[in-house]
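# Understanding the architecture of this molecule
The primary structure of each chain is shown beneath.
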Amino acid sequence: MKVCTITCHDVYNHGASLQAYGLMRYLKTCGHDVEIIDYKPDYLSNHYNLWSVNNPKWEKNKATKFLYVALKIPTRLRERAKKRAFDKFKSKYLPITNVRYTTNEQLKKDTPHADAYLCGSDQIWNCLHKNGKDPAFYLDFVPDEKIKAAYAASFATDSISDEYQPLVKERVERLDAIGVREKSGVEILSRLNINKANHVVDPVFLLDKRDWDQLGNKEFPDQYILIYDFDSSSLIKKIAMEVAKEKGYKIYTLHSGKLKYADKYFTMDGPETFVSLVKNAQFIISNSFHAAVFSILYEKPFVIVNRTEAINTRMRDLLDDLQLKDRLVSENYSLQEIVRSIEFQGSKKLLQEKIDFSKRYLHDVLSIQK
């Protein structure tokens, strides 16, 4: 069967790239012909733009714009190494459509051919961002006679505002099947009187460690703590410094920003390095959902800290579902509790049941007769 998926696959984020790969790769192992729709609307296309002015205070006139860009250019040129790493990953591993689409209307006029269309995974329905309001991510462009379903779509929050509820309800009800990544997503849809939602796992879990080892095949000389921090969190820094002192580990990180305490930085590396770093780490500290996912997959000691942005439902639901909620820590943590070994056996059994259910869900979706 020919299957097209649509997600935020090209936003230079490790989790986004790897979940797109995970769903595509699993479907291919099931014998399907899979393409990822190359959908890049304007709001997802400004990454690494050398000439953009991101601060309205500098948009007053041509002179201030020129000064802003001149100050930013040296950093932006250096950061394009990261863009090249992600572009290389996309070119090597993600089969995308020959046509790039930038609007839902373009998708309607020239819909890529498939027997079935899947929207997901990740935060495609997060209404705090433009993608959550974009009809393309609800498969609005797909003709009624084709299979159209969601797999592991995420709202990323506990609720959506009253303003967007009618829009979400209308678009989701049109789908033939609904798979959401968090149990909170099932609850959101239930409050909209949509009761056919299924709770499925992130696509990363559809592949096992041997599959991911093929991507994560780099090795590193040190015993290290891996930091993946979107907020330059003072709490993450505090935990990292204490664990490093307690265990004698180095500190590696995938982010720079204000983070100046690491021993090694991998800020310009692509998704393969991310997988390798998790696989080989002695300990992981992060506020990233996919850092938690890969830590669980590789059964690594880890802790998760809440983000400043209101998208923590994802981590909370994942850890709660797998009886690992003590891995979500706050300021009043205990270092002894943090560094103790994690018993993964119970979590593995729970996770395998959820993986089996998710695979059956996909099989049933792709068996729909229309």
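The text that follows walks through the structure, step by step, so that each part is easy to find. Keep in mind that this is a model prediction, so the values were computed, not measured.

Calculation notes
- Residues numbered from 1 in each chain as written.
- Predicted model: local features only at pLDDT ≥ 70, side-chain atom pairs only at ≥ 80, totals over all residues.
- Heavy atoms only, no water.
- 1 Å grid on protein atoms, 1.4 Å probe; cavity = no way out; pocket = protein on both sides within 12 Å on 5 of 7 lines; lining within 4 Å.
- Points joined across faces, edges and corners; volume = space filled by probe spheres on them.
- Helix = DSSP H or I, 4+ residues; strand = E, 2+ residues; numbered from the N terminus.
- Nonpolar A, V, L, I, M, F, W, Y, C, P; charged D, E, K, R; others polar.
- Axes fitted to C-alpha atoms, helices over the stretch in contact; angles between N-to-C directions.
- Parallel < 35°, antiparallel > 145°, perpendicular 65-115°, else oblique.
- Left-handed = near helix turned anticlockwise from the far one by under 90°.
- Contact = heavy atoms within 4.5 Å.
- Buried < 20%, exposed > 50% of the residue type's maximum accessible area, 1.4 Å probe, protein only.
- Pairing = 2+ DSSP bridges.
- Right-handed = clockwise from strand over helix to strand, strands pointing away.
- Phe/Tyr/Trp six-rings, centres within 6.5 Å; stacked < 30°, edge-to-face > 60°.
- Lys NZ or Arg CZ within 6 Å of the ring centre and 35° of its normal.

Moving on: the layout of surface pockets. Gaps left between atoms show up when a probe the size of a water molecule is rolled over them. Reported here for the second largest pocket is a volume of approximately 300 Å³. Lining the second largest pocket are 15 residues, with D208, L297, L351, Q352 and I355 positioned closest to its centre. Residue assignment for the lining of the second largest pocket shows that the elements contributing at least two residues are α6 (209-213), α9 (289-297) and α12 (345-365). Looking at which element gives the most residues to the lining of the second largest pocket, the answer is α12, with six residues. For the lining of the second largest pocket, the class distribution of residues is seven nonpolar, one polar and seven charged.

This paragraph deals with the packing of helix α8 (residues 271-280) against α9. Where α8 contacts α9, the two axes come as close as 9 Å, and the packing angle between them is 50°. Here α9 runs oblique to α8, going by the angle between their axes. The handedness of the crossing between α8 and α9 is right-handed. Facing α8, whose interface residues are F274, V275 and V278, α9 presents H290, A291, F294 and S295. Among the residues making up the contact of α8 with α9, the classes are represented as five nonpolar, two polar and no charged.

Along strand β11 (residues 283-286), one buried face is formed by F283 and I285 and the opposite face, lined by I284 and S286, is buried too. In terms of strand pairing, strand β8 (residues 224-228) meets β11 through four bridges, oriented parallel. Within β11, the residue paired with I227 across the bridge is I285. Assessed by its sense of winding, the connection that carries the chain from β11 through α9 to strand β12 (residues 302-305) is right-handed.

A separate point is the packing of aromatic side chains. Applying the stated criterion across every chain yields a total of 19 aromatic pairs. Between W125 and F155, the ring centres sit 5.5 Å apart and the planes meet at 50°, which makes this aromatic pair tilted. Here the residue W125 occupies a position in the loop between β4 (116-119) and β5 (147-153), and F155 occupies one in the loop between β5 and α4 (165-173), the gap between them amounting to 30 residues. The class for F155 is buried, based on a relative accessible area of 1%. Ring geometry for F274 against F294: centres 5.6 Å apart, planes inclined by 85°, an arrangement best described as edge-to-face. Within this pair, whereas F274 is found in helix α8, its partner F294 is found in helix α9, the two being separated by 20 residues in sequence. Take F274 and F294: they sit in the same class, and that class is buried. Members of the aromatic cluster, each reached through a chain of ring pairs, are Y21, F89, Y93, W212, Y228, F230, F274 and F294. Over the face of the ring belonging to F289 we find R181, whose NZ or CZ atom lies 3.9 Å from the ring centre.

In short, the description is geometric, and any link to function would need to be established separately.
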